[in-house]
Amino acid sequence: MYNPKPTQGDTSWFVHDRFGMFIHWGLYAIPARHEWVQSREEIAPDDYRQYFERFNPVDYDPGEWAAIASDAGMKYVVLTSKHHEGFCLWDSAYTDYKVTNTPYGEDLLKPFAEAFRAEGLKVGFYYSLIDWHHPEFPIDIFHPLRNHPAVETLNEERDVTKYAAYVHNQVRELLTDFDPDILWCDFSYPDRDYQGLPGKGREDWQSEDLVAMIRDIKPDIILNNRLDLPKAADIYTPEQWQPTEWVRVDGEPVVWETCQTFSGSWGYHRDEKTWKSPGQLIRMLVNTVARGGNLLMNVGPTALGTFDYRAVDALDVYEDWMARHADAIYGCTMSEFEEPQDCRLTQNGDKLYVHIFAWPFKHLYLEGLGDKVAFARFLHDGSEVSLKLSDWTSRHLQAGENTLVLELPVVKPDVVVPVIELELKS
């Protein structure tokens, strides 16, 4: 098993818990056609304000959200305190573009943090380094005004150093007022020029000073890798793809977390149809842990403050599976043993877990384990799985030397991904 490089933030709980909930929520829940709707449709800030004037999530119940996340087996949460649209979900002292000035009129973050902590979950906040509303944020490739005929003149009136001060003030506010366990900043793009408009990175955010402030206020906080300062990161965050091996940086294995969506959008998207199947959902979690990582699965709440029924159905899939298979996820990591065909392995000490993605006929071969396993059982019902040891297998199944063969039922158990626990000999 790999030992990732040490982190400055406290990732000890993080690499044990393995499974978290991402929540993207903001004004974009009202148009309900992707969280980047303002940029995609080039909606000017003045026109986008109609959503601010109508934001009123009357059914918001963070206690219900927290219970759903906990039931699904998630151990931590990361909520968008501010996304790229610039709208803030808390009563920030540094802007009027915040939830307390909407028809809803109340801070959303404080009850959120209290509810999730009451359920035993760690709490993190996503904070967008991008801001399409702030008057000092220079227009660039993603800004909704990027094709405005007077874009150069508009940018002459903008000062990114003033915007950076705003970012630093708000991050300080989040850290001191809410004491988060994770700060998930998003994102840098220094090489993304557009028609003479430069991208943005560490110099624009003044990332070195920002990280120094973060570490001074909360040394043990977990910080992600999107400030354009790779060496300052605790965790690395591949997005919307599944790593096939342990994530490495400069050849060295690191603590990592992949963030994924239930469908093709992070924010609530009423008409989006690419919702993942139960098999995909479970295999994504298993594959992530089997490569030494964490899975952060996203929910985009509606404009009323509820979880869409399709998201609830997906979370129910995790709840059902984790109820019997959590031992194969929590505290587990990548195994040194070779994976059988169509399987993934996770391991926690002397417990090795075989996750079977495609059900074989009757026998499962595990090379190098013929003399290492004391007992095998299914996790979903605790029933024994018969071991066919090397002498028998070499005579009857033409298995290689020191190959363990598990004798399986012909019919796959009624489980999305069946898991066999192997108890290794001491």
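Everything quoted here is computed from the prediction, not taken from an experiment.

Visitor: Can you walk me through the overall build of the chain in this structure?
Guide: Along the backbone of the chain there are twelve helices and 17 strands. Principal-axis analysis of the C-alpha atoms gives the chain an extent of 80 × 45 × 40 Å. Counting the 426 residues in the chain, one finds 57% classified as buried. The long-range fraction of contacts in the chain, counting pairs at least 24 apart against all pairs at least 6 apart in sequence, stands at 71%. Of the accessible surface of the chain, which amounts to about 17800 Å², a share of 44% is contributed by carbon and sulfur atoms. Taken as two groups, the 40 positive and 69 negative side-chain charges of the chain have centres that lie 4 Å from each other.

Visitor: What should I look at first to understand the sheet that holds strand S15 (residues 386–388) in this one?
Guide: What links the strands of a sheet is backbone hydrogen bonding, and the strands pair in either a parallel or an antiparallel sense. What the three strands build is an open sheet, ordered S13-S16-S15; its pairing is antiparallel. Edge positions in the open sheet fall to strand S13 (363–367) and S15, since each of these has one partner strand only. Taking the axes of each pair of neighbouring strands and ignoring which way they run, one obtains an average angle of 30 degrees across the sheet. Pairing analysis gives five bridges linking S13 to strand S16 (residues 403–407), with the strands arranged antiparallel. If you follow Leu-366 over to S16, its bridge partner there is Leu-404.

Visitor: What should I look at first to understand a nonpolar patch on the surface in this one?
Guide: On the surface, Phe-361, Val-410 and Val-411 cluster together into a nonpolar patch covering about 360 Å² of accessible area. Note on placement: Val-410 falls in the loop between S16 and strand S17 (419–424). The class for Val-410 is exposed, based on a relative accessible area of 54%.

Visitor: Looking at this structure, how should I read helix H5 (residues 109–118)?
Guide: Think of an α-helix as turning once every 3.6 residues; residues three or four places apart then point the same way. Residues Leu-109, Phe-112, Ala-113, Ala-115 and Phe-116 constitute the buried set of H5. Projected onto a plane normal to the axis of H5, the buried residues spread over an arc of 165 degrees and lie on a single side. H5 presents Lys-110 and Ala-118 as exposed residues on the side facing more than 90 degrees away from its buried surface. If you follow the buried residues of H5, they end up packed against strand S1 (19–23), helix H4 (62–71), strand S2 (76–82), strand S3 (122–128) and helix H7 (160–178). Positioned one or two residues after H5, Gly-120 has a phi angle of 90 degrees, which is positive.

Visitor: Would you explain the nonpolar core in this entry?
Guide: Across soluble globular proteins, you tend to see nonpolar side chains buried next to one another. Ranked by internal contacts, the top residues of the largest apolar core, which has 96 residues, are Trp-25, Phe-112, Phe-116, Tyr-318 and Trp-321. Judged by nonpolar contacts, the second largest core, of 18 residues, contains Leu-369, Phe-378, Leu-404 and Leu-422.

Visitor: How should the side chain of Arg-158 be read in this particular structure?
Guide: Among the secondary structure elements, Arg-158 is positioned in the loop between helix H6 (151–156) and H7. Among buried Asp, Glu, Lys and Arg side chains, Arg-158 stands out as unpaired, with Glu-157 the closest opposite charge at 6.3 Å. In this structure Arg-158 touches His-134, Pro-135, Glu-136, Phe-137, Pro-138, Ile-139, His-143 and Leu-145, once residues within four positions along its chain are discounted.

Visitor: Explanation requested: the sheet that holds S1 in the structure shown.
Guide: One open sheet holds the seven strands; their spatial order is S5-S4-S3-S2-S1-S9-S8, and the pairing between them is parallel. Both outer strands of the open sheet, strand S5 (222–223) and strand S8 (257–261), are each paired with one neighbouring strand and no more. Here four bridges tie S1 to S2, and the two strands are oriented parallel to one another. Of the residues in S2, the one forming a bridge with Phe-22 is Val-78. Where helix H11 (residues 309–325) meets the sheet, it contacts S1 and strand S9 (294–299), and its direction lies at approximately 150 degrees from that of S9.

Conventions and cut-offs
Residues numbered from 1 in each chain as written. Predicted model: local features only at pLDDT ≥ 70, side-chain atom pairs only at ≥ 80, totals over all residues. Heavy atoms only, no water. Helix = DSSP H or I, 4+ residues; strand = E, 2+ residues; numbered from the N terminus. Buried < 20%, exposed > 50% of the residue type's maximum accessible area, 1.4 Å probe, protein only. Contact = heavy atoms within 4.5 Å. Areas by Shrake-Rupley, 256 points an atom, 1.4 Å probe, with all protein chains shown as cover. Lys, Arg positive; Asp, Glu negative; His and termini not counted. Charge placed at Lys NZ, Arg CZ, Asp CG, Glu CD. Pairing = 2+ DSSP bridges. Axes fitted to C-alpha atoms, helices over the stretch in contact; angles between N-to-C directions. Patch = residues over 30% accessible without salt bridge, like charges linked within 9 Å, V, L, I, M, F, W, Y side chains within 5 Å. Salt bridge = Lys/Arg side-chain N within 4 Å of Asp/Glu carboxyl O. Arc of directions from axis to C-beta. Core = buried A, V, L, I, M, F, W, Y, C linked by side-chain atoms within 4.5 Å.

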